[in-house]
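# Fold and geometry: a report
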Amino acid sequence: VRYAKKFGITSDLKPYMSLGLGAFEVTLKEMVEAFTVFANLGTRVSSYFVRRIRDLDNNIIEENAPERRQVIEKDTAFLMNYLLQGVVKSGTGWRARKLEAPVGGKTGTTNDYTDAWFIGFTPSLTVGVWVGLDQKKSLGEEQTGSEAASPIFVAFMEKYLARHPETGKFQPPSGVYMIDIDKYTGKLLTPDCLYPFKEAFLPGTEPLEFCNEEEHEKVTDYYKTGEDSSDD
């Protein structure tokens, strides 16, 4: 609960184990603010509705400057950022792969398909989509965050990026190691590995052992695993 509040969550959260599964209600605005922390490498930006007020002569009478505060370490934020990019590259957020920008994000689905979520971000913009009804009723069978919410995100971002092309990239901070590993064994990559994958590690958490044939044998159907689709 304390950690969530760092991200700007003000909704009433109780210290129950089910909190990690999303058992408490949080507003879309709060979720979007929270996800900007990952896109901004640890910096939370408070949202506001009025950017500036001008008079008839176009003079600025009042202007808002968003409050920015570093709430978690850059390295920690990047690890989460990288994981969420993986949701788009090879997980339930796959529909956003078509966008002409680096994208991270997360789908969300409430029990009985009553709510569908997708929160996504590029280096310069974070967007949240919630799909639901005024009453707690099902949206319909299989109306998941991937099925019902992420297409809205993609449609919006396609139009936005057409007017504002994304020029930035997600750059790992100096305290993060990007290391080639075998995707299924987690060991350091060798020429015998079939599933090369670049993973982000904090110093001291990176694997030290190289992958080998014996490690491959420990993975069920290692030589068939890569044939599985991640788009389901």
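Note that the structure is predicted; figures quoted are calculated from it, not measured.

Along the polypeptide, T107 turns up in strand β5 (residues 104-109). Judged by relative accessible area, which is 11%, T107 ranks as buried. At 2.7 Å, the side chain of T107 forms a polar contact with the side chain of T92.

Relative to the assigned elements, K74 resides in helix α3 (residues 74-90). Residue classification places K74 among the partly exposed positions, given a relative accessible area of 47%. Residues in contact with K74, not counting those within four places in the same chain, are L41 and P173.

Between helix α2 (residues 28-39) and α3, whose axes approach to 7 Å, the crossing angle comes to 105 degrees. Between α2 and α3, the angle falls in the class roughly perpendicular. In this structure, α2 contributes F35, V37, F38 and A39 to the contact, and α3 contributes A77, M80, N81 and L84. In the contact of α2 with α3, the residues fall into seven nonpolar, one polar and no charged.

Before going further, it helps to examine the pairing of strand β6 (residues 115-121). Counting buried positions along β6 yields seven of seven residues, so the element is predominantly enclosed. Where β5 lies against β6, six bridges are found, and the strand directions are antiparallel. When the sheet's bridge partners are listed, T109 is paired in β6 with A116. Here β5 folds back onto β6, and the loop between the two strands holds five residues, one of which, D112, carries a positive phi near 65 degrees. Taken together, β6 and the strand that follows it, strand β7 (residues 126-132), pair antiparallel across an intervening segment of four residues.

Conventions we followed
Residues numbered from 1 in each chain as written. Predicted model: local features only at pLDDT ≥ 70, side-chain atom pairs only at ≥ 80, totals over all residues. Heavy atoms only, no water. Helix = DSSP H or I, 4+ residues; strand = E, 2+ residues; numbered from the N terminus. Buried < 20%, exposed > 50% of the residue type's maximum accessible area, 1.4 Å probe, protein only. Polar contact = N/O pair within 3.5 Å; in protein donor to acceptor, adjacent residues only side chain to side chain. Contact = heavy atoms within 4.5 Å. Axes fitted to C-alpha atoms, helices over the stretch in contact; angles between N-to-C directions. Parallel < 35°, antiparallel > 145°, perpendicular 65-115°, else oblique. Nonpolar A, V, L, I, M, F, W, Y, C, P; charged D, E, K, R; others polar. Pairing = 2+ DSSP bridges.

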